[in-house]
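# Summary of the model geometry
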Amino acid sequence: MRKKNLLLLMAGCLMPAGILTAQNDTVQTERNFALGEVVVTGTRNETDVRHLSQTVSVIDRGTIERSLQPSLLPVLTEQVPGLFTTARGVMGYGVSDGAAGGISLRGLSGGSARLMVLIDGHPQYAGIFGHPIADAYQSLLAERVEVLRGPASVLYGSNAMGGVVNIVTRKMKEDGVRTDLHAGYGSYNTLETELTNRVRIGRLTTVVSGSYNRTDGHRDDMGFEQYGGYGKVGYDLTDNWNAYADVNVTHFNASYPGPVSAPLVDGDQRITRGVTSVALTNRYERSSGALSFFYNWGKHWINDGYTPSEGETSQDGRFNSRDNMMGVSWYQSAGFIEGNRVTVGADWFRYGGEAWTDYVAGENAGTRRDLVDKHEDEVAGYVDIRQDIGSLLTVNAGLRVDHHSRVGTEWVPQAGLAFHLPGAIEVKASATKGFRYPILREMYMFPPQNPDLKPESVWNYELALTQTLPGGRLSYGVNVFYIDGKNLIMTLPNPNGSGMLNQNSGEIDNAGVELQAACRVSRSWTVDANYSYLHMENPVVAAPEHKLYAGANFRRGRWDVSTGLQYIAGLYTAVGDNPRTESFTLWNVRGSYRLARCLSVWAKGENLLAQRYEINAGYPMPRATVTGGISLHF
């Protein structure tokens, strides 16, 4: 009964706006995207966003470049309502204790393996720990980023229960050679560099990128250094068939200083992450599909450090792990009758790895203690159906059957409607299920592991309205949602013995509203804003109650300048018996000036209000920072 009342309330919130808009005969269309924009994340194949019943946010290459950020995560935090990423310094996220780079969407966190990051539709998470590695997602990779806000388990399986962030990699669209160099230097001895070369010669395309970034950090023992490289080659076998292969490798050295109340010494990490894929795609007028293989791998070396102020001494052991994930994915989409699209697909994933401690001192010096050495398999099949009924309605439905080698079989349905109303209004309604299998760390590694864990699951109910006024000068959108989850894995007292145990005892009861708007004020000025409100019956860290971003961009002649304000309130940095919340406002300014046809200078200032705030408890963020540099295009 409670769910029914909530859905009625959600519908009531949307209907007045829809009625008022429909009464205006001069109104055309609304959505958060350009008219006719095509996305791939919602259905695997290229689809006009008007026909999707779920919400997809798109961040294009221009927005990524104007952000002047080496990492994609800050761009997503600004541009996507309901999405928030954690940080602890001027650059670098790290792993293990004190790590940042956690991505949450509507209160569901990638750090808990409830939100999936994809590269070209392939899952990207550590095989043992099940979560994304934030430092691997650099701006040099992305042609655009598509964020599906809500469960995407029908298409992508486990770990996509809260949504997906799909990084669509760069490519060269026209014949020729293009080289771009971006380099900058700023506060705390921070250096960021990126070099990209793109080539298209007839049917052959290549992309090669490299980057080097480093900083001393704004605290002692907070240095960060990163090397990254990406390469992709594609070939059009015929007018309808294409093959490509790519590889991306990131290595970073990070130091984490511990919370300010108990500074660490020798908290060091050396991490290498890699991903490669090979794909064969086809595209016809009424059919398209792909067969792809991907392989992700990682190698971690971690010294957890020690706290001299608490009488600790150097750690005897060093944590090591090697993990991997491989998979084969196939799908084919076809339209059998007018307005129809049926997508059928299958996935096979194998993931896991080994972890151990190497003892370098103490009585166990020279020995090794194994922690885990496991692999698990998943195999799944799915179908997704879209049918237009006249010009006013699109019906969407999907079903996935997913089998885990140890946990069992999960059935995952979803359904939705997209109404194309008079006045060019889009109204959407959807009910989608998401799920997550327990990860290896929870089942086998470190007390309180529990090999008998069951899958987590959620249902997401959502209504949305979007519209763009004549000429595209003003667009706005509103989403309301309710998330009902069960069997969340929590660490609780062992009911059958002493100590603690991972158990399927948690619940999710989240509801919220997301707003988005953009306006072209003149040929030179544009403004945009987004806001999200999130209510959680059971609060979690890194999921703010209120998140607002308002930005303006000026482009005229040789100038390109943007500024933005971000307001965060009700951000939990700690929960439990001693909860802590933060609220803060950040002001950023970024701009570039074209000195010549191929040369620009740029500068950015962040947190120019010099706010004192924390996102990770005990890790104060830097005050105002400034970076400047050059960009070459030839």
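In this report, we go over the structure that sits alongside the text. (Residues numbered from 1 in each chain as written. Predicted model: local features only at pLDDT ≥ 70, side-chain atom pairs only at ≥ 80, totals over all residues. Heavy atoms only, no water.)

As a further point, take the environment of Phe435. Structurally, the position occupied by Phe435 is in strand β23 (residues 425-436). The spacing of Phe435 and Trp411 is 24 residues in sequence and 9.4 Å in space, taken between C-alpha atoms. Discounting residues that sit within four places of it in the chain, Phe435 has contacts with Ser153, Gly157, Ser158, Asn159, Ala160, Met161, Asp402, Glu410, Val412, Glu456 and Ser457. (Helix = DSSP H or I, 4+ residues; strand = E, 2+ residues; numbered from the N terminus. Contact = heavy atoms within 4.5 Å.)

Tallied over the full model, the rule gives 12 aromatic pairs. Seen in terms of ring centroids, Tyr212 and Tyr227 are 5.1 Å apart; in terms of plane orientation they differ by 50 degrees. Their pairing is tilted. Of this pair, Tyr212 sits in strand β13 (residues 204-215) while Tyr227 is found in strand β14 (residues 224-236), placing the two residues 15 residues apart along the sequence. For Tyr212, a relative accessible area of 23% gives the class partly exposed. Aromatic pair Phe435 and Tyr437: ring centres 5.0 Å apart, planes at 80 degrees, arrangement edge-to-face. An identical accessibility class is assigned to Phe435 and Tyr437; each is buried. Here the aromatic cluster, defined as three or more aromatic residues joined through ring pairs, consists of Phe129, Phe319 and Phe446. A cation over an aromatic ring shows up here: Arg106 above the ring of Phe481, its NZ or CZ 4.3 Å from the ring centre. Over the aromatic face of Tyr444 sits the side chain of Lys374, whose NZ or CZ is 4.7 Å from the ring centroid. (Phe/Tyr/Trp six-rings, centres within 6.5 Å; stacked < 30°, edge-to-face > 60°. Buried < 20%, exposed > 50% of the residue type's maximum accessible area, 1.4 Å probe, protein only. Lys NZ or Arg CZ within 6 Å of the ring centre and 35° of its normal.)

Turning our attention to empty space enclosed by the protein. One pass over the full model with this rule turns up 11 cavities of 30 Å³ or more. Put simply, the largest cavity is a space of about 700 Å³. Surrounding the largest cavity, 39 residues form its lining, Gln69, Pro74, Gly89, Val90 and Glu606 being those nearest its centre. Elements represented by at least two residues in the lining of the largest cavity include exactly α3 (73-79), β4 (83-85), β12 (190-201), β14, β30 (580-596), β31 (599-606) and β34 (625-633). Sort the elements by how many residues they give to the lining of the largest cavity and β30 lands first, with four residues. Classifying every residue of the lining of the largest cavity by side-chain character gives 15 nonpolar, 17 polar and seven charged. (1 Å grid on protein atoms, 1.4 Å probe; cavity = no way out; pocket = protein on both sides within 12 Å on 5 of 7 lines; lining within 4 Å. Points joined across faces, edges and corners; volume = space filled by probe spheres on them. Nonpolar A, V, L, I, M, F, W, Y, C, P; charged D, E, K, R; others polar.)

Interpretation note: all reported values are geometric properties and have no functional meaning in isolation.
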